[in-house]
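Structural characterization, general
The chain contents come next:
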Amino acid sequence: MPLRIVHFNDPILRAKGEKVAAFDAELTHLANEMVETMHEAGGIGLAAQQIGRTLQLCVVDLRESSEKFSWELDGARPPLDLFMPMAIANPQVTVVKGTPETVFEEGCLSFPKIRGDVVRPDAIEVKFKDQAGVPHLLKCDGLFARCIQHEVDHLNGVLFIDRMEKKVRASIDDAVKTLAKETKAAGKK
Ligand SMILES: [Zn+2]
């Protein structure tokens, strides 16, 4: 079953996720439900906080993307179909030294219809465990790296609006305030 996606400014979106400790059937079930929820909402990434859980767990699926990006997973370049949708637990992101910063208009499933430019480094390395607890090293750039940075921010209670330049943030401020009011009103019902 798809899960309910938490909208801004639910306080759980500001909570830091706890490390995943048990790589068991329950975790696999949760990851599968998150993938289903992400697909139904038409997103390319979803973090545990966005479905109301404070865990260092997110899911990503870029198979439908038309953006160009490259990747290396555990020293190889497997086709996306072989490892996506992917679950990422306990990620540790390192920015590749000397990589340029790029601007891209991001959206977020916790901010329906709100989009804005965010500057992020292009290339990263990320150590993580999959849902079975197997450790991996992923090197990627472009939208793949951006998506992971956006999701890992969620796991630490950081939102894309925090990363926007002042001018961009100001341009969406009315929409963000309206959304926060709607979320608060829905919570009182
Ligand atoms: Zn998001």
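Now for a description of the structure that goes with this document. (Residues numbered from 1 in each chain as written. Predicted model: local features only at pLDDT ≥ 70, side-chain atom pairs only at ≥ 80, totals over all residues. Heavy atoms only, no water.)

Below, the discussion takes up the pairing of strand 2 (residues 57-60). Of the two faces of strand 2, the one carrying Leu57 and Val59 and the one carrying Cys58 and Val60 are both buried. When strand 2 meets strand 4 (residues 86-95), the two strands line up antiparallel, connected through four bridges. Paired with Cys58 across the strands is Ile88, a residue of strand 4. (Buried < 20%, exposed > 50% of the residue type's maximum accessible area, 1.4 Å probe, protein only. Helix = DSSP H or I, 4+ residues; strand = E, 2+ residues; numbered from the N terminus. Pairing = 2+ DSSP bridges.)

With that settled, consider the layout of surface pockets. Volume-wise, the largest pocket comes out at about 390 Å³. Every residue lining the largest pocket is counted, 22 residues in all, and those nearest its centre are Ile44, Glu106, Gly107, Cys108 and Arg115. Among the elements of the structure, strand 5 (101-108), strand 6 (111-121) and helix 3 (142-155) are those that each provide at least two residues to the lining of the largest pocket. In terms of residues, the lining of the largest pocket owes the most to one element, helix 3, which gives six residues. A class-by-class count of the residues in the lining of the largest pocket yields nine nonpolar, seven polar and six charged. (1 Å grid on protein atoms, 1.4 Å probe; cavity = no way out; pocket = protein on both sides within 12 Å on 5 of 7 lines; lining within 4 Å. Points joined across faces, edges and corners; volume = space filled by probe spheres on them. Nonpolar A, V, L, I, M, F, W, Y, C, P; charged D, E, K, R; others polar.)

Another aspect to go through is the environment of Phe23. Note that Phe23 resides in the segment before helix 1 (25-41). Once the C-alpha coordinates of Phe23 and Gln131 are considered, the two residues, 108 residues apart in sequence, prove to be 6.1 Å apart. When near neighbours in sequence (up to four residues on either side) are disregarded, Phe23 contacts Ala89, Asn90, Lys129, Asp130, Gln131, Ala132 and Gly133. (Contact = heavy atoms within 4.5 Å.)

With that settled, consider the coordination of the zinc ion. Protein ligation of the zinc ion involves Cys108 (SG), His150 (NE2) and His154 (NE2), the donor distances falling in the range 2.0 to 2.2 Å. Here the donor residues of the zinc ion share one chain and are spaced in sequence as C-x41-H-x3-H. Taken together, the residues Cys108 in strand 5 and His150 in helix 3 connect sequence positions 42 residues apart. You'll find Cys108 and His150 in the same group, each marked buried. (Donors = N, O, S within 2.8 Å, 3.2 Å for Na, K, Ca; no water.)

Another point: helix 6 (residues 173-188). Compared with an ideal rise of 1.5 Å per residue, which puts 16 residues at 22 Å, helix 6 spans 23 Å between its outermost C-alpha atoms and is within 8% of the ideal. Every buried residue belonging to helix 6 is among Val176, Leu179 and Thr183, and all of these are buried. Down the axis, helix 6 shows its buried residues gathered within 60° of arc, on one side only. Away from the buried face of helix 6 by more than 90 degrees, exposed residues Asp174, Lys177, Lys181, Lys184 and Lys188 are located. (Expected span 1.5 Å × (residues − 1). Arc of directions from axis to C-beta.)

Right, let's talk about the side chain of Gln50 for a bit. Relative to the elements of secondary structure, Gln50 occurs in the loop between strand 1 (45-47) and strand 2. Excluding its chain neighbours within four sequence positions, the residues that come into contact with Gln50 are Arg4, Ile5, Val6, Leu13, Gly45, Cys108, Leu109, Ser110, Glu151 and His154.

A few words on the pattern of salt bridges. Taken as a whole, this structure holds 10 salt bridges when the rule is applied. Across the pair Arg63 and Asp61 runs a salt bridge whose closest N-O atoms are separated by 2.6 Å. One salt bridge in this structure joins Asp153 and Arg163, with 2.8 Å as the shortest N-O distance. With a gap of 10 residues between them, Asp153 in helix 3 and Arg163 in helix 4 (residues 160-163) connect regions that are remote in the sequence. Residue Arg163 is classed as partly exposed on the basis of its relative accessible area, which comes to 41%. When salt bridges with common partners are traced through the structure, they connect Glu106, Arg120, Arg146, Asp153 and Arg163 into a single cluster. (Salt bridge = Lys/Arg side-chain N within 4 Å of Asp/Glu carboxyl O.)

Enumeration over the complete set of coordinates arrives at six aromatic pairs. Ring geometry for Phe8 versus Phe111: centroids 4.9 Å apart, planes at 25°, classification stacked. Placement of the pair is Phe8 in the segment before helix 1 and Phe111 in strand 6, with a sequence separation of 103 residues. Its relative accessible area of 1% is what places Phe111 among the buried residues. Here Arg77 stacks its cationic end above the ring of Trp71, 4.0 Å away from the centre of that ring. (Phe/Tyr/Trp six-rings, centres within 6.5 Å; stacked < 30°, edge-to-face > 60°. Lys NZ or Arg CZ within 6 Å of the ring centre and 35° of its normal.)

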